[in-house]
Amino acid sequence: MEFQDYFRQQDGEKRLLAFTKRGTAIHSDFSYRRGDYLIFGSETSGLPPEALLDCKSETFGGGTIRIPMVETYVRCLNLSVSVGIALYEASRQLNYEQLQIPSENCMDTEQSQSFITEDLFA
């Protein structure tokens, strides 16, 4: 509930993207854009039904996404690995724009220490 309120208050174009083993799009085939919010569930129970509905809604939903796995060798990916795979694919498609620090800030340690983004793509 708190996240839904936060999300609705954010300006600009935005989408909710649910990462789930039953997702309809493959993570590397999906086109990410600035303003995407990537949502992950717990390893044991996944996303709650209302979160999946939000990600499928016409208002803010961007759909459901999956990371393909070979089921015979891997039961499931751990949550941190899944988040890393998804974030780096989205970052790659966005030319790593949120991970770049302007070169003039690299020499100024006071400014470079304050480089923290609230969220990666919003």
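For the structure itself, look to the data block above.
Keep in mind it's a predicted model, so treat the numbers as computed, not measured.

### Regarding helix 3 (residues 79–93)
Working step 1: Taking 1.5 Å per residue, 15 residues should reach 21 Å; helix 3 reaches 21 Å between its end C-alpha atoms and fits that length.
Working step 2: Those residues of helix 3 that fall on the buried side of the exposure criterion are Ser 82, Ala 86, Glu 89, Ala 90 and Ser 91.
Working step 3: In this structure, the buried residues of helix 3 make contact with strand 1 (15–19) and strand 3 (36–40).
Working step 4: Asn 95 occupies a position one or two residues after helix 3 and carries a positive phi of about 55°.

### A word on the nonpolar core
Working step 1: Counting residues in hydrophobic clusters, the biggest one holds nine residues: Leu 17, Phe 19, Phe 30, Tyr 32, Leu 38, Ile 65, Ile 67, Ala 86 and Ala 90.
Working step 2: Apart from residues no more than four positions distant in its own chain, Ala 86 is found in contact with Phe 19, Leu 38 and Phe 40.
Working step 3: Counting eight residues, the second-largest nonpolar core is a separate cluster that includes Phe 7, Leu 16, Tyr 37 and Ala 51.

### A look at the pairing of strand 4 (residues 61–66)
Working step 1: Where strand 1 and strand 4 come together, four bridges link them in parallel fashion. Bridge assignment links Phe 19 to a residue of strand 4, and that residue is Ile 65.
Working step 2: Where strand 2 (residues 25–26) lies against strand 4, two bridges are found, and the strand directions are parallel. Considered in strand 4, the bridge of Ala 25 is made with Ile 65.

### Examining the sheet that holds strand 4
Working step 1: Strand order in this open sheet of four strands is 2-4-1-3, and the pairing throughout is parallel. Looking at strand neighbours, the two that pair on one side only are strand 2 and strand 3, the edges of this open sheet.
Working step 2: Across the sheet, helix 2 (residues 49–56) touches strand 1, strand 3 and strand 4, and the angle it forms with strand 4 is around 115°.
Working step 3: On the sheet, helix 3 packs against strand 1 and strand 3 and is oriented at approximately 160° with respect to strand 3.

### Considerations on unusual backbone geometry
Working step 1: Non-glycine residue Asn 95 carries a positive phi angle of around 55°.
Working step 2: Considering the arrangement of structural elements, one finds Asn 95 in the loop between helix 3 and helix 4 (103–106).
Working step 3: Looking at Asn 95, the relative accessible area reads 57%, which means it is exposed.
Working step 4: Residue Tyr 96 is not a glycine yet carries a positive backbone phi of 55°.
Working step 5: Looking at the secondary structure, you find Tyr 96 in the loop between helix 3 and helix 4.

Reading the values: rules and limits
Residues numbered from 1 in each chain as written. Predicted model: local features only at pLDDT ≥ 70, side-chain atom pairs only at ≥ 80, totals over all residues. Heavy atoms only, no water. Helix = DSSP H or I, 4+ residues; strand = E, 2+ residues; numbered from the N terminus. Expected span 1.5 Å × (residues − 1). Buried < 20%, exposed > 50% of the residue type's maximum accessible area, 1.4 Å probe, protein only. Contact = heavy atoms within 4.5 Å. Core = buried A, V, L, I, M, F, W, Y, C linked by side-chain atoms within 4.5 Å. Pairing = 2+ DSSP bridges. Axes fitted to C-alpha atoms, helices over the stretch in contact; angles between N-to-C directions.

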